[in-house]
Amino acid sequence: MSIAATQKRGFGTVLWDYLTTVDHKKIAHLYLFGGGFFFLLGGLEALFIRIQLITPENDFLSAGLYNEMITMHGTTMIFLAAMPLLLGLMNAVMPLQIGARDVAFPFLNSLGLWLFMFGGILLNLSWFLGGAPDSGWTSYAPLSIQSPGHGVDFYVLGLQIAGAGTLIGGINFLATVVTMRAPGMTYMRMPLFTWATFITSVLILFAFPALTVGLFLLMFDRMFGSAFFDVALGGNTIIWQHLFWIFGHPEVYILILPAFGLFSDIFSTFSRKRLFGYTAMVFATMLIAFLGFMVWAHHMFTVGLGPVANSIFAIATMAIAVPTGIKIFNWLATMWGGSIKINSAMLWSLGFIPTFTIGGMTGVMLGSSVADYQYHDTYFVVAHFHYVIVGGTVFGILAGLHYWWPKMFGRILHEGMGKFTFWVFMIGFHLTFFIQHFLGLMGMPRRYWVFLEDQGLDLGNLISTIGAFLMAIAVIVFLYNVVHTAIKGDKAPADPYDGRTLEWTTASPPAHYNFKQLPLVRGLDPLWIEKTEGKGKMTPAEPLGDIHMPNGSILPFIMSLGFFIAGIGFIFQVDHSAWLIAVYVGMAIAIGCMLIRSLKDDHGHHIHKEELEREAD
Amino acid sequence: MRGWMGKFKSLFLLSALALVLAGCGKENLTALVPKGYGAESSMNLIILSTIIMLFVFVVVILVYVIVLIRFRRKKGQENYIPKQVEGNKTLETVWTIIPIILVLILAVPTVAATFDLADDSNASEHINVDVTGNQYWWHFDYAGEEFQTSQDLYIPTGEKVYLNMLSSDVIHSLWIPSISGKMDVNPENVNTMYIEAYEEGVYWGKCAELCGPSHSLMDFKVIAVSPEEYDQWVEDMQSVDPEAEPQDAVAQDGKAAFEENSCMSCHAIGSSPAAVGPNLTNFGDRSKIAGFLDPTKKNLVDWLMDPESIKPGNKMTGNYPELSEDEASSIAEYLMQLQPSEITPESAGK
């Protein structure tokens, strides 16, 4: 269904369609919308932080508000912006890349989305209901236990709900890749983005439970008088740090691996060359994911774990540089000898290489534990993780958006504006963060509400703030580009980039069943194979027949709403037990929805062969 | 292509220029000019790792630039299909083995330094200071001596000083960038690290773990003096008479007001290991007020009248009767006269 056709329907119909949809493509739209909204919110918070730090001893924000700002900036960007945007891209593209008609569990897909939405809303409601969390996105105990007000309670419940959504999403993608690949699409023929989605889902499956446990312990400590992190009663605060980073470090790879995947696809497409060292790339991704679970304590070098632990984690951390280096060189080798076309998507990918190389290098430097005693918790670390997460993940998201925009929305983003966005963002980014490496070493710890006069930190901070505004300008231009494209962008053909993988064999945007007939895959880069050795289009793997599709449902939305209401109840029952009613009502709604879902059979619907035959190819 | 590289180059030039202008930061604060053992160990690894990483960066950028210059699609090549290469075993082995070697070159000295800095087997032969981190000030209890200080830590140069650190509330992290890397100050277990300053001077210390609203104002100073001066200072501190009456009338009023307004319930003048508030024995010698304000009487009066406006979230606010301007002024006069030693931050800074 094209955008034009959608617009002819009433607003109410469209809204209901989106609230009840289980179509992976529409869920992708919602993830991108939600993640995009929170990205703007997190960006605004970043600007406030940079305005506060534009001059020494500034009083633009109060100390307490500043701590809320940094906490919400980090939490929002990681959990509510970067991850949902990536989940959006995965949803939009991965089923197409493996030649599937939808994900394995469309209902769960919708549930995961709405849990994320309601979790994000709950967390951000804290701004209006007595103050946001203020213990940093890492929420270290006992600061988070002692934090007054309900800020940290919103953090706990908001992330618990959003996190459940992510976990559901991860399980769903795993099942999809395992069970729904088209005939001939063996594991070693999957595009790298699909591989990245698969491995990222494994990371989600094993990493998020650690966060869930940590959040529950924190919740019990704050609300129900337990003492897991209360030293006076025999608790231990270091346990929180372990739980958080056992989740937190794989989380970094949850953010970066999908970007690695889509860069691989983009380099290959725009160099008109097969990905160099495909097998090595797949195994490097796996190795990074595996090592990602072995290095969490490098966030804790200064905790006092002792020299043995510090040495082991230092070496494990440095080891990650090896598979990452393999990837960088394979990308360069992919382009070597190719026929490189540079458009917006490719620009973001090309910008990623030097930027991420710097981020990876500072990562190894941080892995050297004794050097880390100086870097730790300073602006050096701030610079490092922005080089990795912005230079990797955000560049990746923007590359992916420019690359797949035609597939997702049927129109091509304006190239001129796309290039302008890239250059302004790229320059702004390096202005903001390059200097911060030095600010950190010059004695500026992170999370500092003010820095003092006459400490040699003024110029660096000023430059950093100027850069942040350049990035803001770039984002505004990108938003304008999106609106402009929606109104009068060029209509996209099915395969606008001379693509190589299955998503380019369907219409832009694809029909809601994706493939009229499932394609037969004959090797890596199936479309490319057909273009060079076949008839230029996919051979069907099945005769034209009825297509079985799932029905939409409002239950995921209502179920998530139930958890949201219960979350509010949990937060405020500390003040007055009457709020327990909200807990009961919310849980009743959620469990009621589960019962309905379990007891009421929903067999989906069929699109009949005759209908399919009527539609043009 | 030239446009891209041009912009990239100008970006780096700009950054480099900014660096030259800013120098390496403020002396005795920056980690880039190490003046102590720990900071030097870290700096050696920082330099080694930077060199290794720059080598990698140069190789990557070199290939990157060549690729972008040689292999861009040119006019007339719209239909050119490049050779589809699957991979190259030799090349892939090379760029796996070389990084492994580079990592090993960095790993060996890292492990050696980690064990070296964690070695506290000789702690009992050296000066030991029990450090307590509090929201938002530092307490230093000299083990084996009958005195304590807050905010200013005096150490002799050229000697290892072991800091045994514990927090009274949330997690803090003690960092003296020019002298030593940081270590967390946890509420549940004592963390030990040693510091050694090479030169006399006043060094900035910072809290590096978010500990509340005034985290960024939890500064302290390390006063490194010669071993002889240090011995003199210890003697001076031990011979303080906490009951001594000040000379002039204003300060005497101040002492009376100090006692009337229950300041003593938290603060001690003279030895008191269990400190709720900072120990004030040598307050008049302190390098800063509240950790970061210049030691002027006006700043002290402002602090006494309204500490909340200076250090949000501090534990002093609201825990003493409201002071009149006169009272605050006389208390300030009294406190500024608590100068037991000739060895001060000022003398050390010269």
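Analysis parameters
- Residues numbered from 1 in each chain as written.
- Chains lettered and ligands numbered in written order.
- Predicted model: local features only at pLDDT ≥ 70, side-chain atom pairs only at ≥ 80, totals over all residues.
- Heavy atoms only, no water.
- Helix = DSSP H or I, 4+ residues; strand = E, 2+ residues; numbered from the N terminus.
- Rg over C-alpha atoms; globule rule 2.2 N^0.38 Å.
- Buried < 20%, exposed > 50% of the residue type's maximum accessible area, 1.4 Å probe, protein only.
- Contact = heavy atoms within 4.5 Å.
- Lys, Arg positive; Asp, Glu negative; His and termini not counted.
- Charge placed at Lys NZ, Arg CZ, Asp CG, Glu CD.
- UniProt positions renumbered as here; feature names shortened; annotations may be inferred.
- Phe/Tyr/Trp six-rings, centres within 6.5 Å; stacked < 30°, edge-to-face > 60°.
- Lys NZ or Arg CZ within 6 Å of the ring centre and 35° of its normal.
- Pairing = 2+ DSSP bridges.
- Axes fitted to C-alpha atoms, helices over the stretch in contact; angles between N-to-C directions.
- Salt bridge = Lys/Arg side-chain N within 4 Å of Asp/Glu carboxyl O.
- Parallel < 35°, antiparallel > 145°, perpendicular 65-115°, else oblique.
- Left-handed = near helix turned anticlockwise from the far one by under 90°.
- Nonpolar A, V, L, I, M, F, W, Y, C, P; charged D, E, K, R; others polar.

Asker: Tell me what's going on with the overall build of chain A, and back it up with residues and numbers.
Answerer: Scanning chain A from N- to C-terminus turns up 21 helices and four strands. The globule rule puts the C-alpha radius of gyration for 617 residues at 25 Å, and the 24 Å found for chain A is close to it. With the principal axes as the frame, chain A shows a C-alpha extent of 70 × 60 × 45 Å. Within chain A, buried positions represent 66% of all 617 residues. In chain A, the share of contacts with a sequence separation of at least 24, taken over all contacts with a separation of at least 6, comes to 82%. Within chain A, one finds 31 positive and 36 negative side-chain charges whose respective centroids are separated by 13 Å.

Asker: I'd love a proper account of the UniProt feature "transmembrane region" (unreviewed entry) in chain B, names of residues and values included.
Answerer: Here, the residues flagged by UniProt with the feature "transmembrane region" (unreviewed entry) are residues 46-69 and 90-112 of chain B. Counted over residues 46-69 of chain B, helix gives 100% and strand 0%. Its end C-alpha atoms are 34 Å apart.

Asker: Describe unusual backbone geometry, and please don't skip the residues or the numbers.
Answerer: Following Ala141(A), the chain continues into Pro142(A) via a peptide bond in cis, with omega recorded as 0 degrees. Looking at where Pro142(A) falls in the secondary structure, it is placed in the loop between α5 (106-125) and α6 (143-146). The linkage connecting Gln135(B) with the following residue, Tyr136(B), adopts the cis geometry, with an omega of -5 degrees. Within the secondary structure, Tyr136(B) is located in the loop between β1 (127-134) and β2 (137-142). Phi is positive for Arg272(A), which is not a glycine, with a value near 55 degrees. Residue position: Arg272(A) is located in the loop between α9 (238-271) and α10 (278-292). A relative accessible area of 8% means that Arg272(A) is categorised as buried. For Ala290(B), which is not glycine, the phi torsion reads 60 degrees and is therefore positive. Here Ala290(B) is to be found in the loop between α5 (249-260) and α6 (297-305).

Asker: Would you mind going over the packing of aromatic side chains in detail, with residue names and values included?
Answerer: Scanning all chains against the criterion turns up 64 aromatic pairs over all chains. Judged by centre distance (6.1 Å) and plane angle (90 degrees), the rings of Trp137(A) and Trp245(A) are edge-to-face. Placement of Trp137(A) in the loop between α5 and α6 and of Trp245(A) in helix α9 is noted, with a sequence separation of 108 residues between them. For Trp137(A), a relative accessible area of 13% puts it in the buried group. Ring centres of Tyr37(B) and Tyr194(B) lie 6.0 Å apart, and the angle between their planes is 35 degrees; this geometry places the pair in the tilted category. Pair noted here: Tyr37(B) is in helix α2 (residues 37-70) and Tyr194(B) is in strand β8 (residues 191-195), with a separation of 157 residues, a long-range link. Given the relative accessible area of 25%, Tyr37(B) is considered partly exposed. Since its relative accessible area comes to 5%, Tyr194(B) is described here as buried. The aromatic ring of Tyr187(A) is capped on one face by Arg181(A), whose charged end is 3.9 Å from the ring centroid. It is Arg500(A) that lies over the ring of Trp528(A); its NZ or CZ is 4.3 Å from the centre.

Asker: Requested: an account of the sheet that holds strand β5 (residues 161-167) of chain B, with residues and values cited.
Answerer: Residues and elements named next belong to chain B. The strand order across the open sheet built from five strands is β3-β2-β1-β5-β8, with neighbouring strands paired in mixed fashion. Only two strands of the sheet have a single neighbouring strand rather than two, namely β3 (148-150) and β8. Averaged over all pairs of adjacent strands, the angle between their axes in this sheet comes to 25 degrees, without regard to strand direction. Pairing of β2 with β3, which is carried by three bridges, proceeds in the antiparallel orientation. By the bridge assignment for β3, Phe140 is matched with Thr149. Where helix α4 (residues 227-238) meets the sheet, its contacts fall on β1, β2 and β3, and the angle it forms with β3 comes to roughly 105 degrees.

Asker: Please provide a residue-by-residue account of the pattern of salt bridges, values included.
Answerer: All chains considered together, the criterion is met by 21 salt bridges over all chains. Asp23(A) is paired through a salt bridge with Lys25(A); the nearest N and O atoms lie 3.1 Å apart. Summarising the burial analysis for this pair, Asp23(A) and Lys25(A) share the class buried. A salt bridge links Asp294(B) to Lys288(B), with the nearest nitrogen and oxygen atoms 3.1 Å apart.

Asker: Which residues make up the packing of α5(A) against helix α19 (residues 555-572) of chain A, and what are the values?
Answerer: Residues and elements named next belong to chain A. The interhelical angle for the contact between α5 and α19, taken along N-to-C directions, is 30 degrees, at an axis separation of 8 Å. Classed by the angle they form, the pair α5 and α19 counts as roughly parallel. Once α5 is placed against α19, the crossing between them reads as right-handed. Contact residues: Phe107, Ser110, Leu111, Trp114, Leu115, Phe118, Ile121, Leu122 and Leu125 in α5; Leu555, Pro556, Phe557, Met559, Ser560, Leu561, Phe563, Phe564, Gly567, Ile568 and Ile571 in α19. Here the contact of α5 with α19 is composed, by residue class, of 17 nonpolar, three polar and no charged.

Asker: Talk me through the UniProt feature "domain: Cytochrome oxidase subunit II transmembrane region profile" (unreviewed entry) in chain B; I want residue IDs and the actual numbers.
Answerer: According to UniProt, the "domain: Cytochrome oxidase subunit II transmembrane region profile" (unreviewed entry) feature falls on residues 23-121 of chain B. Along residues 23-121 of chain B, the helical share is 64% and the strand share 0%, with 39 Å between the first and last C-alpha atoms.

Asker: Please set out the packing of helix α8 (residues 192-223) of chain A against α10(A) residue by residue, giving values where relevant.
Answerer: A pair of packed helices can be characterised by two numbers: the angle between their axes and the separation between those axes. Residue and element names in this part refer to chain A. The N-to-C vectors of α8 and α10 enclose an angle of 15 degrees; their axes lie 10 Å apart at closest approach. Relative to α10, α8 is oriented roughly parallel. The interaxial crossing formed by α8 with α10 has right-handed handedness. The residues of α10 that touch α8, namely those facing Leu192, Trp195, Ile199 and Leu203, are Tyr278, Met281, Val282, Thr285, Met286 and Ala289. Considering only residue class, the contact of α8 with α10 consists of nine nonpolar, one polar and no charged.

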